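Fold and geometry: a report
Listed below, chain by chain, are the residues.
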Amino acid sequence: MATFGTLSDRLTETFRNLRTKGKLTPADVDGTVREIRRALLDADVALVVVKEFTAKVRERALGDEVNRALNPAQQVVQIVNEELVAILGGEQRRLQFAKTPPTVIMLAGLQGSGKTTFAGKLAKQLEKDGHTPLLVACDLQRPNAVNQLQVVAERAGAAIYAPEPGNGVGDPVKVARDGVEVARRQQHDIVIIDTAGRLGVDAELMKQAADIRKATDPDEVLFVIDAMIGQDAVNTAKAFQDGVDFTGVVLSKLDGDARGGAALSVASVTGRPIIYASTGEGLEDLEAFHPDRMASRILDLGDILTLIEQAQQAFDEEEALKVAEKLASETFTLEDFLEQMQQMKKMGSMKKMLGMLPGMGSMKQQIEDFDEREIDRTEAIIRSMTPGERRNPKVLNGSRRLRIARGSGMTVTDVNQLVQRFDQAAKMMKTVAKGGVPNIPGMGPMPGGGKPTGASKRKKPSKGRGSGSRSGNPAKRAAENAGIAAQAPEPTGSGFGLGGGQGAPSAEDLAELQRMLGKS
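Scope of this entry: the structure provided in the associated data block.

On to helix α3 (residues 47–61), then. For α3, with 15 residues, the first-to-last C-alpha span of 21 Å sits near the 21 Å given by 1.5 Å per residue. For α3, the complete set of buried residues consists of V49, V50, F53, T54, V57 and A61. Along the axis of α3, the buried positions cluster into a sector of 115°, meaning they face one direction only. Facing away from the buried side of α3 by over 90 degrees, the exposed positions are V48, K51 and E59.

Once that is clear, we can look at the environment of V50. Along the polypeptide, V50 turns up in helix α3. The spatial distance from the C-alpha of V50 to the C-alpha of L40 is 6.6 Å, given a sequence separation of 10 residues. When near neighbours in sequence (up to four residues on either side) are disregarded, V50 contacts R37, L40, L41 and V45.

Moving on, we get to the pairing of strand β2 (residues 133–137). Burial of β2 is extensive: 5 of the 5 residues sit out of reach of the surface. Side chains P133, L135 and A137 project from β2 onto one buried face, and the interleaved L134 and V136 project onto a second face that is buried too. Alignment of β2 against strand β4 (residues 190–194), held across 5 bridges, turns out to be parallel. Following the sheet pairing, A137 is matched in β4 by D194. As defined by bridge partners, β2 adjoins strand β3 (residues 159–161) across 3 bridges and the pair is classed as parallel. When the sheet's bridge partners are listed, V136 is paired in β3 with Y161. Running through helix α7 (residues 145–156), the crossover from β2 to the neighbouring parallel element β3 is right-handed.

Let us look at the pattern of salt bridges. One pass over the full model with this rule turns up 14 salt bridges. For the salt bridge of R60 with E82, the shortest nitrogen-to-oxygen distance reads 2.5 Å. You can see R60 sitting in helix α3 and its partner E82 sitting in helix α5 (residues 72–87), a full 22 residues away along the chain. Of the charged contacts, one joins R60 and E83 as a salt bridge, the two residues approaching to 3.0 Å between their closest N and O atoms. Remark: E83 occurs in helix α5 and R60 occurs in helix α3; sequence separation between them is 23 residues. Judged by relative accessible area, which is 22%, R60 ranks as partly exposed. Look at the salt bridges and you will find they share partners, linking R60, E82 and E83 into a network.

What follows covers the environment of D245. As for its position among the elements, D245 is in the loop between α10 (232–243) and β6 (248–252). Classification of D245 by relative accessible area gives partly exposed; the value is 26%. Separated by 25 residues in the primary sequence, D245 and T270 place their C-alpha atoms 9.7 Å from one another. Among residues more than four places away in sequence, those in contact with D245 are R213, V221, F240 and R272. Separated by 3.2 Å, the side chains of D245 and R272 make a polar contact.

Criteria and cut-off values
- Residues numbered from 1 in each chain as written.
- Predicted model: local features only at pLDDT ≥ 70, side-chain atom pairs only at ≥ 80, totals over all residues.
- Heavy atoms only, no water.
- Helix = DSSP H or I, 4+ residues; strand = E, 2+ residues; numbered from the N terminus.
- Expected span 1.5 Å × (residues − 1).
- Buried < 20%, exposed > 50% of the residue type's maximum accessible area, 1.4 Å probe, protein only.
- Arc of directions from axis to C-beta.
- Contact = heavy atoms within 4.5 Å.
- Pairing = 2+ DSSP bridges.
- Right-handed = clockwise from strand over helix to strand, strands pointing away.
- Salt bridge = Lys/Arg side-chain N within 4 Å of Asp/Glu carboxyl O.
- Polar contact = N/O pair within 3.5 Å; in protein donor to acceptor, adjacent residues only side chain to side chain.

What follows is the structure, encoded as structure tokens:
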């Protein structure tokens, strides 16, 4: 995540230097702990948390579990990962629902922390899970706060109770109490109360929040905190805990570029778990917080589980089986290709998905340069084709390609490149569907394939003939050289981080992925 980017870079660099050592001395451990301490402090992690964290890491790193390890450096990384999970809360904690509906969820936090947007995100996610949430507008102080919540509720497709216009008019405690009764009468099983915030912690804010809590007796009180707030995050969290108390924490704006390390301190300092993380401006950009997965992202170890979960949500299992059958029977068409691309778009940002792969910390610039609009351009080209052309691209002659280019606002070259990429992708997916291991153009064979592929069986050019044709006929020489090039072993690549010992795709791999999804 962008918020922890600097911290991730510093820790990754520290461990990279550590891996060059076959055996760790106390001096090596002290040097590593010192760098970790600096990285955490630079990232605005609270001093008390840093001291406790580094003390535990040092104690364990100097213990027998590292001395007896076959790879001491990896063992230290594992220790840091486990301790990082601990300060993030240890285990995931889900929302606690009331035995008798409605479940009342109260939101608290400073003004600008993202409470209103989070209310819409939470309502949308709960609706997906089969609940019927009701948003209650109790922020009657901030200008247009009620109107903002109405807009958010409409976008989320959620019901809202907003009897007062706000802008300083109305009693928020009465609105909250009445909102719970309305939810009970209308059979909404969840009530989300959006309360007022202030630019800073003050007595009026605390009294109003405490009165709303007393009047509604919420099952959950979620403290929404801006991950970019800096060191003041801990002080704000303590103030709310003393004045109102809360049962869980929501980290907002984790897609920002601030250091954000203070957010790591909240769970440790308050003893309250982080339940949700807001990772973008869209209503879909909300994730359940998993301490172990967040620690893996910070340490650049990837987050494959979240990636798999997003894929399971986006892809229809029956459709996937149909596509697999089409690939195996060689009936995969551009229409199927379009459907697969649309399902990939449902998973969210391609950049975000690439960032969840292990070892991608060193590829930040390449990921940032990845142009996701190429998927939209590819979709425009396919949609400009007739159904017959999508099912059988071989009928695409010059005039048809010109018509498609004009209809999509692209060039004939773009259309030609798409057809070529589709052929390559179809061949790759057909190989996978049949249980084989594909060769990705420009990346070489994927590792772990077992039997050699056709490329590895090809004969090498004769040593006596040299590296090229010696024919005096230019046309014949060019043809023979092309044949020799075709028979040459393809270069080995990392296979998207699965080989080569790198743990991450190279810049060429990302460029190839970009070319497969859009134009190069």
